[in-house]
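Each chain, written out:
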Protein chains: 4
Amino acid sequence: MSSLIRFGVSLDKSLLEAFDALIRSKGYSNRSEALRDLIREELVRREWMEGKVVAGTITFVYDHHTRELTGKITSLQHDAGDIVISTQHVHLDHHNCLEVIVVKGAPKEVEKLASRIKATRGVKHCLLSMTTTGKHLT
Amino acid sequence: MSSLIRFGVSLDKSLLEAFDALIRSKGYSNRSEALRDLIREELVRREWMEGKVVAGTITFVYDHHTRELTGKITSLQHDAGDIVISTQHVHLDHHNCLEVIVVKGAPKEVEKLASRIKATRGVKHCLLSMTTTGKHLT
Amino acid sequence: MSSLIRFGVSLDKSLLEAFDALIRSKGYSNRSEALRDLIREELVRREWMEGKVVAGTITFVYDHHTRELTGKITSLQHDAGDIVISTQHVHLDHHNCLEVIVVKGAPKEVEKLASRIKATRGVKHCLLSMTTTGKHLT
Amino acid sequence: MSSLIRFGVSLDKSLLEAFDALIRSKGYSNRSEALRDLIREELVRREWMEGKVVAGTITFVYDHHTRELTGKITSLQHDAGDIVISTQHVHLDHHNCLEVIVVKGAPKEVEKLASRIKATRGVKHCLLSMTTTGKHLT
């Protein structure tokens, strides 16, 4: 289905040595994989800017003792319609919960949901991880 | 257990109006909650720099048809010891999976695991969300 | 012309103590100034998203021995029309120059110029600092 | 003095096509230059983490009518010792000035100066651009 293409890259010797040292320290076993990662990161950034269908995770930490908080968060997810795929819940300690929502949809919709959760009283921290459906990314 | 303190902030009228408009558009119902969020974000950034115990999520997308990939990822998680709390797996389509690992531990350890997963062949995109255990964050 | 408004913010005691310690370490002499900075950073981010007139600096490092490089960079600036206000040039060593261009205009135009300079052969590194004209920011 | 090395990179056809479209839109004339830029950005990030000598610019916008502000900023620069190379000043309008300081030195020292300027009353916005002396970057 997919076909591998090989092309040449020219680089200064000292730049290549510095790059090799860097990627070794990061755990890469070869240059091609490291370069593919750099390329894919650029492409994912572009996907989020151009409004295609993206995937992501919304991670947030909250005190579940806050009055009406869990109900509000559930409502927000339902209002967001079909962009929510699944959630994962971790009890960090007696007070604190960490929840991750996996989402897929238009960037604007995903960002709006993350923003709404973040603005909810009792949510201490909320982050959106912008990743990809992988569909156009081999 | 915790006690609320109220203090005064002085702001230029036009700056306050712009801020009010901004936070309304983000879904905040009052200024205090918006300011608390800005403050907590600064504190979480500091937690990650200073090497305390942090929480986070590692989100990655991969093609599960890649040979030996799932085995490698499982090994990496086991090697990381007790920083992995739980994982969540979503089938994006026939080829692509999105996985989220919830982690808790020293920033360096968490960053190392994320880096190892990212460098694995077949992993298309990998992101680390740097959040908090919430313990020192009311 | 501008009038100061004072309003109350309520915060948990332990959150306030952590914030006070943080801003002291950053050199702030009072909370209001630290909070104003957090607010203004949010507003500047919004200015860049919404396409108003912004100010910024494009910083780049290059080897001035690269053939035709200085001519190309000058051309790019002239093509960018009236968004370029002034430039500053520093000789880092025998080979390397650092140049800063101060720009003012629509975000898209500014980003395009930064992108063009970065893509020029011989430019080793190029960054865009997104700041403000200060006009709507008291 | 420097010697060019050529090596092969293997990439999926569809990934390569997406990359070619992306870099064309950014103004690159060939793949090698685009890949060199991605590599150099990674290396500069590493330089800032590892405490080598780096170069950078501190960009800030302020109202020059603020009492004693210009004096304070000058003092901060003198206290920072020999990391300040040069400055550039632009009058944005009757009230607002944009100033850029070119710095070279240890990352910690540079970050400290940027933090001090940002915390100064009357400074509306302050950003640090983390670039390189170019010395180890061909």
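For the structure itself, look to the data block above.
Before going into details, it helps to say that this report is about the structure given with it. Owing to the predicted nature of the structure, the values given are computational and were not obtained by experimental measurement.

Quick word on the overall build of chain A
Looking only at helices and strands, chain A features four helices and five strands. In chain A, the order of α-helices and β-strands from amino to carboxyl end is β-α-α-β-α-β-β-α-β. Taking 14 Å as the expected radius of gyration for a compact globule of 138 residues, we find that chain A reaches 20 Å, considerably beyond that expectation. The C-alpha extent of chain A, read off along each of the three principal axes, is 60 × 30 × 25 Å. When the 138 residues of chain A are sorted by exposure, 54% land in the buried category. For chain A, long-range pairs separated by at least 24 residues make up 66% of all intrachain contacts whose partners lie at least 6 apart in sequence. Working note: accessible area of chain A is about 6300 Å², and carbon and sulfur atoms make up 51% of it. Looking at charge distribution, chain A has the averaged site of its 20 positive side-chain charges lying 1 Å from that of its 17 negative ones.

A few points about the interface of chain C and chain D
Between chain C and chain D, the residue contacts involve 48 residues of the former and 48 residues of the latter. Taken together, the two surfaces of chain C and chain D that pack against each other cover about 3900 Å², and 52% of this comes from carbon and sulfur. On the surface where chain C and chain D come into contact, there are two salt bridges. Glu41(C) is the salt-bridge partner of Lys118(D), the closest N and O atoms lying 2.7 Å from each other. Our count for the chain C to chain D interface comes out at 23 residue pairs in polar contact (both at pLDDT 80 or more).

Some points on the sheet that holds strand 3 (residues 84–91) of chain B
Residue and element names in this part refer to chain B. Taken together, the four strands give an open sheet; going across it, the order is 3-4-2-5, and neighbouring strands pair in antiparallel fashion. For this open sheet the edge positions go to strand 3 and strand 5 (123–131), each flanked by a neighbour on one side alone. With direction set aside, neighbouring strand axes in the sheet form an average angle of 15 degrees. Direction of pairing for strand 2 (residues 54–63) relative to strand 5: antiparallel, over a ladder of eight bridges. When the sheet's bridge partners are listed, Gly-56 is paired in strand 5 with Met-130.

Some details on the sheet that holds strand 3 (residues 84–91) of chain A
Residues and elements named next belong to chain A. Spatially, the four strands line up as an open sheet ordered 3-4-2-5, and their pairing is antiparallel. The open sheet has two free edges, formed respectively by strand 3 and strand 5 (123–131), since each of these has just one partner strand. On average, each strand axis in the sheet is tilted by 15 degrees relative to the strand beside it, whichever way the strands run. Together, strand 2 (54–63), strand 3, strand 4 (96–105) and strand 5 form the strand contacts of helix 4 (residues 107–118), whose direction differs from that of strand 5 by roughly 165 degrees.

Examining the packing of helix 2 (residues 31–49) of chain A against helix 2 (residues 31–49) of chain D
Two quantities define a packed helix pair, namely the angle between the axes and the distance from one axis to the other. In contact at an axis separation of 10 Å, helix 2 of chain A and helix 2 of chain D are set at 95 degrees when each is read in the N-to-C sense. On the basis of the axis angle, helix 2 of chain A is roughly perpendicular to helix 2 of chain D. Facing helix 2 of chain A, whose interface residues are Leu35(A), Leu38(A), Ile39(A) and Glu42(A), helix 2 of chain D presents Leu35(D), Leu38(D), Ile39(D) and Glu42(D).

Here we look at the interface of chain A and chain D
With 32 residues of chain A at the interface, the matching set in chain D holds 32 residues. Of all residues in chain A, the largest losses of buried area upon contact with chain D belong to Phe7(A), Val9(A) and Leu15(A), amounting jointly to 17% of the total for that side. Where chain A meets chain D, there are two salt bridges. As a salt-bridge pair, Glu42(D) and Lys26(A) come within 2.7 Å of each other at their nearest N and O atoms. Where chain A touches chain D, the interface holds 20 residue pairs in polar contact (both at pLDDT 80 or more). Contributions of two or more residues to the side of chain A that touches chain D are made by strand 1 (4–12), helix 1 (13–26) and helix 2 of chain A. Sort the elements by how many residues they give to the side of chain A that touches chain D and helix 2 of chain A lands first, with 10 residues. The class makeup of the residues in the side of chain A that touches chain D is 15 nonpolar, eight polar and nine charged. Two elements, strand 1 of chain A and strand 1 (residues 4–12) of chain D, share nine bridges in a ladder whose sense is antiparallel. For Leu4(A), the partnering residue across the bridge sits in strand 1 of chain D and is Asp12(D).

Reading the values: the criteria
- Residues numbered from 1 in each chain as written.
- Chains lettered and ligands numbered in written order.
- Predicted model: local features only at pLDDT ≥ 70, side-chain atom pairs only at ≥ 80, totals over all residues.
- Heavy atoms only, no water.
- Helix = DSSP H or I, 4+ residues; strand = E, 2+ residues; numbered from the N terminus.
- Rg over C-alpha atoms; globule rule 2.2 N^0.38 Å.
- Buried < 20%, exposed > 50% of the residue type's maximum accessible area, 1.4 Å probe, protein only.
- Contact = heavy atoms within 4.5 Å.
- Areas by Shrake-Rupley, 256 points an atom, 1.4 Å probe, with all protein chains shown as cover.
- Lys, Arg positive; Asp, Glu negative; His and termini not counted.
- Charge placed at Lys NZ, Arg CZ, Asp CG, Glu CD.
- Buried area = accessible area lost by both parts, 1.4 Å probe.
- Salt bridge = Lys/Arg side-chain N within 4 Å of Asp/Glu carboxyl O.
- Polar contact = N/O pair within 3.5 Å; in protein donor to acceptor, adjacent residues only side chain to side chain.
- Pairing = 2+ DSSP bridges.
- Axes fitted to C-alpha atoms, helices over the stretch in contact; angles between N-to-C directions.
- Parallel < 35°, antiparallel > 145°, perpendicular 65-115°, else oblique.
- Nonpolar A, V, L, I, M, F, W, Y, C, P; charged D, E, K, R; others polar.

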